[in-house]
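What follows is each chain in one-letter form.
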Amino acid sequence: LRDGALEGEHAPALTIKDSIPFGFHVFCHVLSQLSSFILAGKSQSGGLVVVSFSRSPSFYLELLKKGIDVVSIQILDCYSDPLGWKDRLKDVKHMDKLYNSIVERGKGLIGGGKNRFSVAIDSVDEMSRHASTSSVAGLLSNLRSHDQVSSIFWLLHSDLHEARVAAVLEYLSSMVTSLEPENLSLIEHNLKKGKFHVRIKRRNGRVRVMSEEVHIEQSGISFINQGLVPKVQFSLELSEKERIDRANVVLPFEHQGNGKPIQIYDGRRSLADGGGEIIYFRDSDDEMPDSDEDPDDDLDI
Amino acid sequence: MVMEDAEAPHHMLLLRNFMSQGLVHNQPLLYASPAIDPRGFLGTLPSPAASKDEKSHKHDPDQEKGLRIAWQYKKYFGESQLNFDGQRDGKHEYSNEFDLRKPLERHFLSAQRVDCVSIQDSPNLSALQDRSATFLSQYPRNDGSISCAGRIAIQSFSAPQCAYSNMEWDMLSFIRSLKSMVRSSNAVALITFPPSLLSPSFCKRWQHMADTLLSVKAIPDEDKELSQLLTGYQDMVGFLNVHKVARINTQVPVILDATTFSIKLQKRRFLVLECLNQAPVDGSSGTSYGTSGSCSGSSKTGNLDF
């Protein structure tokens with residue numbers, strides 16, 4: 001979601017699917033993460049429009065309070081008066097009106113040109129109550145194809161709908177996550193652990209499936225392994241000792257020469273003074289070596 | 001008709017080849033899609049790959065049965081329509097290979113050759129029906145020689161954002177009417193649709209409507225079992241299944257050597273369909289090399305699978 005869309009491509013879209021009461025925690029987690037990336041300028045998107053149906057706007061203001069920058073985040077209130085009983089102009093039944101409001105707010109946040117904004121919809125269930133599935137699908141797909149939308153995500157309570165609605169929303173997304181409790185009978189009691197599954201439709205046409213364990217608490221969810229790891233036989237994580245050992249490895253061109261100029265013997269008899277020098281700039285100190293660059297990522301079907 | 005997989009865009013590869021092939025051989029195209037501006041898709045149509053040898057391609061049916069690494073358009077036509085364009089236009093061989101990295105030249109995409117329709121906002125199918133009828137009326141089937149042919153490509157016909165997408169009987173009616181119009185003209189039509197969004201009974205009805213029925217399937221990434229079972233797994237992007245092949249005016253059935261193919265993009269440029277090969281079984285495990293295992297990733301078994 002953070003990396004957003006490429007030129008001429010539909011914006012990535014995430015469906016957070018749940019059938020247990022903790023899907024909303026996942027939504028809030030994604031929301032806070034994405035907004036912190038936006039505020040730090042680390043994402044393609046320059047602003048976020050939150051379309052709130054199931055919680056009041058003040059809830060989100062509270063949630064995002066740390067570091068909230070009103071300039072970057074707009075909350076479209078579809079909670080207080082969704083059917084326009086008090087205010088005739090507001091009516092969520094009309095998806096094209098909703099679409100226009102979202103786009104207007106988004107453009108207001110980021111201006112014009114090549115800037116992009118993200119959209120978060122806290123509940124497509126509420127949207128589906130008042131509008132037909134095809135108009136909801138139209139809204140979501142039009143947002144995805146809008147060239148100023150960077151990414152979009154929404155929460156769906158799949159047990160509240162016919163199977164077709166969930167199928168439609170999965171069809172429209174490029175990523176689907178679902179949360180599975182460790183033991184179904186524990187739903188009533190304090191649910192502790194669960195599994196978080198992700199299905200990602202990659203650009204090259206393959207589907208990546210990942211899962212991770214999560215801890216579910218009243219305050220929210222936390223991921224046990226930071227960073228989703230695909231299921232492989234090898235251990236890709238480093239233990240603390242391994243991390244320290246690696247940090248202690250002296251790389252060939254980095255050792256400081258202990259104050260003396262570095263001399264690299266290149267096989268010639270004499271080294272002219274000030275002859276050779278190797279200047280080594282490390283790309284980035286916080287980029288992990290062997291980063292997970294997939295050469296197939298630019299294969300775009 | 002092509003059954004899409006909601007998790008992969010492989011039907012677009014097939015559409016692109018189909019559309020480019022027609023345009024390159026002077027067959028005007030009617031293209032409909034749920035996008036607001038379908039013309040945008042035309043920019044992704046591939047150009048014919050540079051042919052490696054200059055020999056003229058003989059349309060020997062026996063020779064073509066050996067063609068596995070090519071888009072077998074023959075499945076769409078009856079035998080009678082196969083040779084009509086072969087030797088007339090000396091400039092182009094009947095091209096099966098397209099280079100996905102090279103876009104089709106602009107002059108092929110002029111408005112005379114390509115007509116685009118957006119089906120998202122139509123409340124019903126009458127507009128699309130009229131456009132198709134008008135298009136097909138230009139290619140009536142006479143008893144004489146075939147002077148010109150046309151192609152219709154409809155992408156994601158039952159996509160959920162289309163306003164008519166919950167009118168299942170209407171969509172079925174449209175397909176039936178299109179089929180009858182196509183039968184009486186010099187034209188072929190390709191429709192892709194996502195079966196997961198239709199009710200099961202309608203999905204079956206649609207499948208029966210098709211003369212030729214294909215399905216595409218996504219392939220899971222980094223799946224250790226599949227990589228052990230299939231050779232060349234790393235290069236595959238998906239699977240193609242042939243469920244039905246058009247047999248019109250004949251009672252001779254088609255018996256294909258294989259109905260499941262892997263979809264690969266050779267050098268990321270050329271669409272290649274290959275029969276699935278099972279990787280050699282490790283002798284120490286005890287099973288013999290000859291035993292057949294399930295090497296198809298698809299759960300749909302066609303009528304011709306045995």
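Under the annotation held in an unreviewed UniProt entry, chain B carries the name Elongator complex protein 4 and is attributed to Theobroma cacao. Note on chain B: under the UniProt heading Sequence similarities (unreviewed entry), the record states "Belongs to the ELP4 family." The record in UniProt for chain B states the following under Pathway (unreviewed entry): "tRNA modification; 5-methoxycarbonylmethyl-2-thiouridine-tRNA biosynthesis."

Named according to an unreviewed UniProt entry, chain A is Elongator complex protein 5 originating from Theobroma cacao. Here chain A is described in UniProt, under the heading Pathway (unreviewed entry), as follows: "tRNA modification; 5-methoxycarbonylmethyl-2-thiouridine-tRNA biosynthesis." UniProt, in the comment section headed Sequence similarities (unreviewed entry), describes chain A in these words: "Belongs to the ELP5 family."

> Please clarify how the interface of chain A and chain B should be interpreted in this entry.
Quoted interface sizes are often the accessible area lost when the parts come together. Taken together, the contacts link 26 residues of chain A with 35 residues of chain B. A buried area of about 2500 Å², summed over both sides, lies between chain A and chain B, and 49% of it is on carbon and sulfur atoms. Applying the counting rule to chain A against chain B returns five salt bridges. With a shortest N-O distance of 3.1 Å, R208(A) and E222(B) are connected by a salt bridge.

> Looking at this model, I keep getting lost on the nonpolar core. Mind explaining?
If you look at soluble globular proteins, the nonpolar side chains tend to sit buried side by side. Core analysis: the biggest nonpolar cluster contains 71 residues, and I121(A), I154(B), F157(B) and W206(B) have the highest contact counts within it. Excluding residues that lie within four positions of it along the chain, W206(B) makes contacts with M1(B), F157(B), S158(B), M171(B), L172(B), I175(B), F193(B) and L198(B). In terms of nonpolar packing, the next biggest core, distinct from the first, is built from 36 residues, M12(B), L29(B), L265(B) and C275(B) among them.

> Mind showing me how you'd approach the packing of helix 5 (residues 133–145) of chain A against helix 6 (residues 163–172) of chain A here?
Each pair of packed helices can be summarised by the angle the axes make with each other and by the distance between the axes. Residue and element names in this part refer to chain A. The interhelical angle for the contact between helix 5 and helix 6, taken along N-to-C directions, is 15 degrees, at an axis separation of 10 Å. One element, helix 5, and the other, helix 6, form an angle in the roughly parallel class. Between helix 5 and helix 6 lies a crossing of right-handed hand. For the pair helix 5 and helix 6, the contacting residues are T133, A137, L140, S141 and R144 in the first and R164, V165, V168, L169 and L172 in the second.

> Is there a simple way to explain the packing of helix 3 (residues 95–110) of chain A against helix 5 of chain A in this structure?
All names here are of chain A. At a closest axis distance of 9 Å, the pairing of helix 3 and helix 5 adopts a crossing angle of 25 degrees. Here helix 3 is positioned roughly parallel relative to helix 5, judged by the angle of their axes. Seen from above, helix 3 lies across helix 5 with right-handed handedness. Taken together, the residues of helix 5 that come into contact with helix 3 (itself represented by M95, L98, Y99, I102 and V103) are S135, V136, L139, N142 and L143. Of the residues assigned to the contact of helix 3 with helix 5, the class counts are eight nonpolar, two polar and no charged.

Here is what the cut-offs are and how they apply
Think of each chain on its own: its residues are numbered from 1, step by step along the sequence as written. Just so you know, chain letters begin at A and ligand numbers begin at 1, following the order they were written in. The predicted origin of the model limits local features to residues at a pLDDT of at least 70 and limits the giving and counting of side-chain atom pairs to 80 or more, whereas totals for whole chains, interfaces and linings rest on all residues. Water and hydrogen atoms were dropped before computing side-chain values, which therefore reflect all heavy atoms in the structure. UniProt positions are given in the numbering used here, feature names are shortened, and annotations may be inferred rather than shown by experiment. In this description, contact between two residues means that some pair of their heavy atoms is separated by no more than 4.5 Å. The quantity reported as buried area is the accessible area (1.4 Å probe) lost by two parts once they are put together, taken as the sum for both. Here, a salt bridge means any Lys or Arg side-chain nitrogen found within 4 Å of an Asp or Glu carboxyl oxygen. Among the buried residues, those of types Ala, Val, Leu, Ile, Met, Phe, Trp, Tyr and Cys that are joined through side-chain atoms within 4.5 Å form a nonpolar core. For each residue, the accessible area found with a 1.4 Å probe, counting protein chains only, is set against the maximum for its type, and the residue is called buried under 20%, exposed over 50%, and partly exposed in between. Angles shown run from 0 to 180 degrees and are taken between the N-to-C directions of axes, each axis being a line fitted to C-alpha atoms and, for helices, limited to the stretch in contact. Starting at the N terminus, helices and strands are each numbered in turn, a helix being any DSSP run of H or I of at least four residues and a strand any DSSP run of E of at least two. These descriptions rest on fixed angle ranges, namely under 35 degrees for roughly parallel, over 145 for roughly antiparallel, 65 to 115 for roughly perpendicular, and the rest for oblique. Handedness of a helix crossing follows the sense of rotation of the near helix relative to the far helix, less than a right angle counterclockwise being left-handed and clockwise being right-handed. Ten residues, namely Ala, Val, Leu, Ile, Met, Phe, Trp, Tyr, Cys and Pro, are considered nonpolar, four, namely Asp, Glu, Lys and Arg, are considered charged, and the remaining ones, Gly among them, are considered polar.

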